[in-house]
Amino acid sequence: MREYLFKIQKDAGQSCDIVAEGRDMTTVVFPNARVKIYLDASEEGRAARRYRQLNEKGMPITMEEALGRCQRKGFQRQEPGHSAINKVGRCPYLDTTNMGLEAVVDRIIKEAQ
């Protein structure tokens, strides 16, 4: 399934400018992208966001459950064979742990310019 989606994403990038986020975007899908930014956040920061998002959607979850999910996913993000996340070259590193969405978008736009 991943290979199929990669092809769709690559094709989309060939026909227009695209903004993409994800662990394989800069290494597999768009290795020649003009702008690459390494976004990161602490497990606690990701868990707090997930907790708020799911509760806002009426999907009850405890903070402990959200943190557990982020910890498991964090482990997978580092393991080879699970599309480990790699910082590519000299791309800017952006820790979004304590940033709101607008601040992240503003920083990305600044980096792209």
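**Q** What should I look at first to understand the overall build of the protein in this one?
**A** A count of helical and extended segments in the protein gives five helices and two strands. Helices and strands appear in the protein in the N-to-C order α-α-β-α-α-β-α. Expressed as a percentage of the 113 residues in the protein, the buried residues total 23%. Taking all contacts inside the protein whose residues are at least 6 apart in sequence as the whole, residues at least 24 apart take part in 51%. For the protein, the exposed surface amounts to about 8500 Å²; the carbon and sulfur share of it is 52%.

**Q** Looking at this structure, how should I read the nonpolar core?
**A** Proteins that are soluble and globular tend to have nonpolar side chains buried together. With five residues, the main nonpolar core is built from Ala47, Leu54, Ile61, Ala66 and Cys70. When residues of this core are traced back to their parent elements, those giving at least two are α3 (43-56) and α4 (63-78). In contact with isoleucine 61, other than residues within four places in its own chain, are Tyr51, Leu54, Asn55, Ala66 and Arg69.

**Q** Even after reading the chapter, I still don't get the confidence of the model for the protein, so can you show me in this structure?
**A** Do not read the predicted coordinates in detail wherever pLDDT is low. Across the protein, pLDDT averages 84, with 87% of residues at or above 70. Here α4 is the element of the protein with the lowest mean pLDDT, 79, and α3 is the one with the highest, 93.

**Q** When you look at the pattern of salt bridges in this model, what are you seeing that I'm missing?
**A** Side-chain pairing between opposite charges can occur once the charged atoms of the two side chains come close. Summed over all chains, the structure comprises two salt bridges. Between lysine 7 and aspartate 11 there is a salt bridge; the shortest N-O distance is 2.9 Å. Of this pair, lysine 7 and aspartate 11 both sit in helix α1 (residues 2-15), four residues apart, which is roughly one turn of the helix. The exposed category is assigned to lysine 7, whose relative accessible area is 51%. Of the residues examined, aspartate 11 reaches a relative accessible area of 40% and is grouped as partly exposed. Between glutamate 111 and arginine 107 there is a salt bridge; the shortest N-O distance is 3.3 Å. Placement of the pair is glutamate 111 and arginine 107 together in helix α5 (residues 101-112), with a separation of four residues, close to one helical turn.

**Q** Teacher, can you tell me more about the packing of aromatic side chains here?
**A** The description of an aromatic ring pair rests on the distance of the ring centres and on the angle between the ring planes. Within this structure, the stated rule accounts for one aromatic pair. With 5.6 Å between their ring centres and 20° between their planes, tyrosine 38 and tyrosine 93 make a pair best called stacked. Of this pair, tyrosine 38 sits in strand β1 (residues 38-40) while tyrosine 93 is found in strand β2 (residues 93-95), placing the two residues 55 residues apart along the sequence. Under the relative-accessibility criterion, tyrosine 38 is labelled buried at 14%. Exposure remark for tyrosine 93: the relative accessible area of 41% places this residue in the partly exposed category.

**Q** Explain the side chain of threonine 96 here, please?
**A** Examined against the element boundaries, threonine 96 turns out to sit in the loop between β2 and α5. Ignoring sequence-local partners within four residues, the contact set of threonine 96 consists of Leu39, Asp40, Ala41, Arg49 and Val104.

**Q** Can you walk me through a nonpolar patch on the surface in this structure?
**A** Judged by side-chain polarity, Met1, Tyr4, Leu5 and Ile8 come together as a nonpolar surface patch covering roughly 470 Å² of accessible area. Relative to the assigned elements, leucine 5 resides in helix α1. Given a relative accessible area of 41%, leucine 5 falls into the partly exposed group.

So, how was this worked out
- Residues numbered from 1 in each chain as written.
- Predicted model: local features only at pLDDT ≥ 70, side-chain atom pairs only at ≥ 80, totals over all residues.
- Heavy atoms only, no water.
- Helix = DSSP H or I, 4+ residues; strand = E, 2+ residues; numbered from the N terminus.
- Buried < 20%, exposed > 50% of the residue type's maximum accessible area, 1.4 Å probe, protein only.
- Contact = heavy atoms within 4.5 Å.
- Areas by Shrake-Rupley, 256 points an atom, 1.4 Å probe, with all protein chains shown as cover.
- Core = buried A, V, L, I, M, F, W, Y, C linked by side-chain atoms within 4.5 Å.
- pLDDT = per-residue confidence, 0-100.
- Salt bridge = Lys/Arg side-chain N within 4 Å of Asp/Glu carboxyl O.
- Phe/Tyr/Trp six-rings, centres within 6.5 Å; stacked < 30°, edge-to-face > 60°.
- Patch = residues over 30% accessible without salt bridge, like charges linked within 9 Å, V, L, I, M, F, W, Y side chains within 5 Å.

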